[in-house]
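Residue-level listing of the chains:
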Number of protein chains: 2
Amino acid sequence: MKQIEGSICAPLGFKTAAVFCDIKKLGTGKGSEKGKKRDLALIVSEVPAVVAGMFTSNQVCAAPVRLSAARAARKSVRAIVVNSGNANACTGRQGMRDAERMTSVTAQSLSAVTGSPDKVTREDVLVCSTGRIGLLLPMKNVERGIRACTPLLGRSSRQARATAEAIMTSDTRRKEIAVEITMAGGTVRIGGICKGAGMIEPRMTQTIGGATGLHATMLAFITTDAAVESRFFRNALALAVRQSFNCITVDGDTSTNDSVIALANGLAGNRALSRTSPERMEFQNALNFVTLELAKMMVRDGEGVSRFVTVRLHGARNAGEAEAAARAIANSSLVKTSWCGGDPNWGRILCAAGYSRARIDEAIVDVGYSLPGQRKIAFGCRGGRPTQVSLATLARITSAPEFDLHVDLHLGSGEFVMYASDLTEDYVTFNKGDLTDPTSLGG
Amino acid sequence: MKQIEGSICAPLGFKTAAVFCDIKKLGTGKGSEKGKKRDLALIVSEVPAVVAGMFTSNQVCAAPVRLSAARAARKSVRAIVVNSGNANACTGRQGMRDAERMTSVTAQSLSAVTGSPDKVTREDVLVCSTGRIGLLLPMKNVERGIRACTPLLGRSSRQARATAEAIMTSDTRRKEIAVEITMAGGTVRIGGICKGAGMIEPRMTQTIGGATGLHATMLAFITTDAAVESRFFRNALALAVRQSFNCITVDGDTSTNDSVIALANGLAGNRALSRTSPERMEFQNALNFVTLELAKMMVRDGEGVSRFVTVRLHGARNAGEAEAAARAIANSSLVKTSWCGGDPNWGRILCAAGYSRARIDEAIVDVGYSLPGQRKIAFGCRGGRPTQVSLATLARITSAPEFDLHVDLHLGSGEFVMYASDLTEDYVTFNKGDLTDPTSLGG
């Protein structure tokens, strides 16, 4: 496996385009650069593609999530339509009609332009939205946007970049990746883009709602030209999401709109991958890499984030308890503010682990810090007690832009890794909004 | 019941005193006003007092918590010794020896000064600490402080105020209250003081550790001259804490040191209260009032807090789900930052309720706002959809220093009320510490 240039258009047979259609209804008078950020995009496979999707476990979930989760159960689809600026969440029946309409307009528009013999139906189209909650979509603008987008479809890196930008909300930079693997008699490529920034602690499942998810809108789109068997592909995406997007947190809020959609169109001409293929792990590793890199980009570009911390929880009684302790630490306001200050405050870390549902015995807990990629761990706490390591030594690590936190409960073999951020004044300033500017509120 | 002047010395037979003994080891050279804030206090009953205690459910709990929880199981005690500046948490066996030593020095010192025939033993003394985690107490200073404190014991309001100040850490003002009730053939008084500010989401139980508490150091001391039967008193305190301290949150972090200790010395001469007394509810109501008023003071004076929000969750399937939804809303970073900005962002509220373990059906949820004490609720969301009420109307309420949030899930009769705060830039600034000032770190 090697990393290559590009993203969703690196694999064969995928086209994309993005336009500005004023989904925030800023009006045309303004015309500022910011106001004209592209806000609607299409991602299209030239041939039917096997689909897999993972969606928010939040019981309050947006109309596009409900619709796409249903359509992701199909064997193959053709396209994804996505908008930023409005989440189409908490919009009732009209919201669902609007989501449906986005897919039917996309299908019509694609059928008209491509003029291909295999007509694209609305069932072939998935839809995602991100942005403000509780507002109806400006459907005139949306429909105009879709129709403007279709003739622009192409597979250049520039177009993929435009789509990566169109899905951004509070993100400050676009997030793209692509890899190539020679396997199973073909050259397979996997590409991906995502957006994140706020309302980020994804806990996605294959079925929407009802799950007891704790706490992002994050959207990720993965394309591959691999030939895959549907069931294998779904399972592979679930495994990949479990070790990537479902292991990150910015603010501990699980969004109403989190969605990861993956399309595999088979144009690489490899032997179709299934659960019995000898190459299955190679593909899985590549998919894991793509999703994990995208997930980390999301945390690094989280709202107000100034520091990226990898929480490595070891020695829990089991994996579930390891996850519970890691999430408690990674979401504690006091732990996160200490990270903001570069403060190696292991007392707050023990405190957070102690109120998690994980069993812990404070008399045997170790807490240490290391710089990424370095093996030497500086322990601030051993056996629940301060070590002789100086505050200055610890702070040299925790004041770096990225560091690893090691917590060992010494009770078993349960492990969990969580990718987390600090909590900064900038996060608060950004999210408190500005009552004098209604467009800053909500969402 | 009427509210009266004073606090812990309002009931008959309670004495207190507080001194500065430099527990933070700032040195004597500094001598600034701030450096000399009193940091050690004694609260003493002239006669043996029935004791009740509630302590943190955090599995990582400080030595003084372990010791006091054990001693609160006794029928009666005489005194509480408390220090601020150092939590004596994560301090191993030496921490436990130090906590023990604080009680034995207090017992010796009280026995020497009072010269009363009934000698005070160390088992008659409870101990509480609050402040930085992971540092051993400066026992020379502590012992000097206890010995300096004992001769100063008195029952003036000035002395009670000094103790209320001595227990403060990041609190900006002292928290005191006292009430008087004429009942059961006597005039009974209940007084209390507390401290809070950060690491505040108390979830206290009568047994320490092991409970699956989610997430303060808060300390509260309640005194009463009521004659009470021990079992009744413990139950009364548990009920009072459940509707007060256990219903507040500042930052969602349940501390290692949370403790509420109540002493009842019987000097009011009323007929002893028990579970069968006709006056039991009168006493319970008074105790509920005292604890709830103290709990609210704690939230209003929470670290960086600019807004006080009462979250009223109705219509959950049961009380447990109502609590889960209320806690998710009250601890959501995005909800709390919107409150900071005075933003009536009900979308974020639905999102938080949606990822709680409470069952919710977004199509029937109502979210509204009202000013405290006013009956008129302005609904931003009815049946999961925006109402016609303008953002300006909603914002007029949510930009007040205090408002009530009403969430009705319409699924059952489960209710829960949570007293919460916003999340501000000041909270982050305060808690991120300053690496150039080691005394600002930890704790």
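Above this text sits the structure in question.
If you're wondering where the values come from, they're calculated on a predicted model, not measured in any experiment.

Draft legend 1. Here's a closer look at the pattern of salt bridges. Taken as a whole and assessed by the stated rule, the structure comprises 42 salt bridges over all chains. A:Arg312 serves as the salt-bridge partner of A:Asp404, at 2.9 Å between the closest nitrogen and oxygen. With A:Asp404 in strand S16 (residues 402-408) and A:Arg312 in strand S12 (residues 308-316), this residue pair connects regions lying 92 residues apart in the sequence. Of the residues examined, A:Arg312 reaches a relative accessible area of 28% and is grouped as partly exposed. In this structure, B:Arg327 engages B:Glu323 in a salt bridge whose closest nitrogen and oxygen atoms are separated by 2.9 Å. Residue B:Arg327 and its partner B:Glu323 are located together in helix H7 (residues 319-331), separated by four residues, close to a single helical turn. We classify B:Arg327 as buried; its relative accessible area is 5%. Taken together, the shared-partner salt bridges connect A:Arg71, A:Glu100, A:Arg122 and A:Glu123 into one network.

Draft legend 2. Examining the interface of chain B and chain A more closely. If you look at the interface, chain B gives 64 residues, while chain A gives 64 residues. Seen at the junction of chain B and chain A, the total is four salt bridges. Residue A:Lys432 pairs with B:Glu425 through a salt bridge whose shortest N-O separation is 3.2 Å. One can count 35 residue pairs in polar contact (both at pLDDT 80 or more) joining chain B with chain A. Those elements that place two or more of their residues in the side of chain B that touches chain A are helix H8 (333-340), helix H9 (346-355), strand S15 (385-386), helix H10 (391-398) and helix H11 (425-431) of chain B. Broken down by element, the residue count for the side of chain B that touches chain A peaks at eight residues, all from H9(B). Taken together, the residues of the side of chain B that touches chain A break down into 26 nonpolar, 28 polar and 10 charged.

Draft legend 3. Broad picture of the side chain of A:Ser370. Its location among the elements puts A:Ser370 in strand S13 (residues 366-370). Residues in contact with A:Ser370, not counting those within four places in the same chain, are A:Lys376, A:Ile377, A:Ile397, A:Phe403, A:Asp404 and A:His406.

Draft legend 4. Spatial organisation of the relation of the copies chain B and chain A. With an RMSD of 0.0 Å, the operation that places chain B on chain A is a rotation of 180° combined with a shift of 0.0 Å along the axis. Taken together, the turn and the small shift mark the pair as related by a two-fold rotation axis. Residues of chain B ranked by C-alpha distance from the rotation axis are headed by B:Glu425, positioned 2.3 Å from it. A share of 100% of interface residues in chain B that are also interface residues in chain A marks the association as one of identical surfaces.

Draft legend 5. Highlighting the sheet that holds S16(A). Residue and element names in this part refer to chain A. Strand order across the open sheet formed by seven strands is S10-S17-S12-S16-S13-S14-S15, with mixed pairing between neighbours. Looking at the sheet topology across the chains shown, the edges are occupied by strand S10 (248-249) and strand S15 (385-386). Sheet strands touched by helix H7 (residues 319-331): S10, S12, S16 and strand S17 (414-421). Its angle to S17, the strand with the most contacts, is close to 20°. The strands touched by helix H9 (residues 346-355) are S13, strand S14 (378-382), S15 and S16; relative to S13, the strand with the most contacts, the crossing angle is about 125°.

Draft legend 6. Inspection of the environment of A:Phe245 at higher detail. All names here are of chain A. As for its placement among the helices and strands, Phe245 is situated in the loop between helix H5 (230-242) and S10. A relative accessible area of 0% means that Phe245 is categorised as buried. Separated by 46 residues in the primary sequence, Phe245 and Thr291 have C-alpha atoms spaced 7.1 Å apart. Among all residues touching Phe245, those that are not within four sequence positions of it are Pro202, Met204, Met218, Ala220, Val260, Thr291, Leu294, Ala295 and Met298.

Reading the values: rules and limits
- Residues numbered from 1 in each chain as written.
- Chains lettered and ligands numbered in written order.
- Predicted model: local features only at pLDDT ≥ 70, side-chain atom pairs only at ≥ 80, totals over all residues.
- Heavy atoms only, no water.
- Salt bridge = Lys/Arg side-chain N within 4 Å of Asp/Glu carboxyl O.
- Helix = DSSP H or I, 4+ residues; strand = E, 2+ residues; numbered from the N terminus.
- Buried < 20%, exposed > 50% of the residue type's maximum accessible area, 1.4 Å probe, protein only.
- Contact = heavy atoms within 4.5 Å.
- Polar contact = N/O pair within 3.5 Å; in protein donor to acceptor, adjacent residues only side chain to side chain.
- Nonpolar A, V, L, I, M, F, W, Y, C, P; charged D, E, K, R; others polar.
- Least-squares fit on C-alpha atoms with pLDDT ≥ 70 in both.
- Pairing = 2+ DSSP bridges.
- Axes fitted to C-alpha atoms, helices over the stretch in contact; angles between N-to-C directions.

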